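Commentary on secondary and tertiary structure
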Amino acid sequence: MKLAIRILHYSKPNRPDRSNWVEAIKFILNDPRVSVFIDGSGTPYGGLKNLYNDFVKAKPTHILALHHDILPCFNFIPTVEKLIKMLPADPISFYSNGNAIETALHSHSHWVKARIWYYTQAYTMPFSVMQKMIAWIDENVIDDGRNSDDERIAMYFYYQNKYVYTTAPSLVEHIGWNSTTVDYDRPLEGYLDNRSHRMAKKFIGIDQDPLHLDWSKGLESPTINNEDWALEDSELLFQRLLKPTSKYKHAQ
């Protein structure tokens, strides 16, 4: 396994500057493979696409992408590597605010599979999967001006009918939950004040070692998460974002 690790970072005028925190994330992770990718595209999907192009140069078997406003847990990268070996062909998200996380933990399971995967604060996947995902997005999704990254990622797995593995508990916390670096408005009033919508349902914390958890629990029968965490109905949103030429577009 060759794992490429990047922190996706960008800054804009009149938006939070997370440069100092990016350095803190690198210090916490304490791994020479971690590098910061600074994007200047101005849009979330532009950043993801440029990040992908940077991964291409590394020629990895797997990628680990981190947003610049997360707090990783202790032994995060060794745990990621352990989980990749357990699920070598699958994407894995290390963050979720879904209620299914608590359901899984109450049944002594450490795994959830999400039907609609939003909130891509920290995730890994085989590089081959990322290649197919980027190609699919470029072929099927319009440029809507906002160019959201998580909506487009969610669309790919949704239309591939592929549920995405999510760890229970989350291994990172979204500490930038009450601020944003994107320019467009959200449809929900008070969106950035909604802690429950923007933070992990259950973060492992900074004083627990995820390597001590039995990650085999629930792996064969993970809790299914069918919640729609979009800011509007996902099917309607996804259909609106599909190109007229896409075979996934429903007839009007």
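Note: the structure precedes this text.
Residues numbered from 1 in each chain as written. Predicted model: local features only at pLDDT ≥ 70, side-chain atom pairs only at ≥ 80, totals over all residues. Heavy atoms only, no water.

Moving on, we come to the packing of aromatic side chains. Evaluated as defined, the whole model comprises 16 aromatic pairs. On the numbers, 5.0 Å between centres and 75° between planes, the contact of Tyr156 with Phe157 is edge-to-face. Overall, Tyr156 belongs to the buried group, its relative accessible area being 8%. Grouping aromatic residues by their ring pairs yields a cluster made of Trp117, Tyr118, Tyr123, Trp136, Tyr156, Phe157, Tyr158, Tyr159, Phe238 and Tyr248. (Phe/Tyr/Trp six-rings, centres within 6.5 Å; stacked < 30°, edge-to-face > 60°. Buried < 20%, exposed > 50% of the residue type's maximum accessible area, 1.4 Å probe, protein only.)

A few words on the packing of helix 2 (residues 44-58) against helix 6 (residues 149-159). Remark: helix 2 packs on helix 6, axes separated minimally by 7 Å, with the N-to-C direction vectors making an angle of 65°. When the axis of helix 2 is compared with that of helix 6, the two are roughly perpendicular. Between helix 2 and helix 6, the contacting residues are Pro44, Tyr45 and Leu48 on the first element and Asp149, Arg152 and Ile153 on the second. (Axes fitted to C-alpha atoms, helices over the stretch in contact; angles between N-to-C directions. Helix = DSSP H or I, 4+ residues; strand = E, 2+ residues; numbered from the N terminus. Parallel < 35°, antiparallel > 145°, perpendicular 65-115°, else oblique. Contact = heavy atoms within 4.5 Å.)

Between the first and last C-alpha of helix 2 there are 21 Å, a value that for 15 residues agrees with the 21 Å anticipated at 1.5 Å per step. Residues of helix 2 that are buried include every one of Pro44, Tyr45, Gly46, Gly47, Leu48, Leu51, Tyr52, Asp54, Phe55 and Ala58, and no others. Packed against the buried residues of helix 2 are strand 1 (3-9), strand 2 (34-38), strand 3 (62-67), strand 7 (122-126), helix 5 (127-140) and helix 6. Of the residues flanking the end of helix 2, it is Lys59, one or two places downstream, whose phi is positive at about 50°. (Expected span 1.5 Å × (residues − 1).)

Taken together, eight strands build an open sheet; the order of strands is 2-1-3-7-5-8-6-10 and the sheet is mixed. Strand pairing shows two members of the sheet lacking a second neighbour, strand 2 and strand 10 (223-225), which therefore form its edges. Sitting on the sheet, helix 3 (residues 76-86) is in contact with strand 1, strand 2, strand 3, strand 5 (92-93), strand 6 (111-114), strand 7 and strand 8 (164-167), with an inclination near 140° to strand 3. On the sheet, helix 5 packs against strand 3 and strand 7 and is oriented at approximately 100° with respect to strand 7. (Pairing = 2+ DSSP bridges.)

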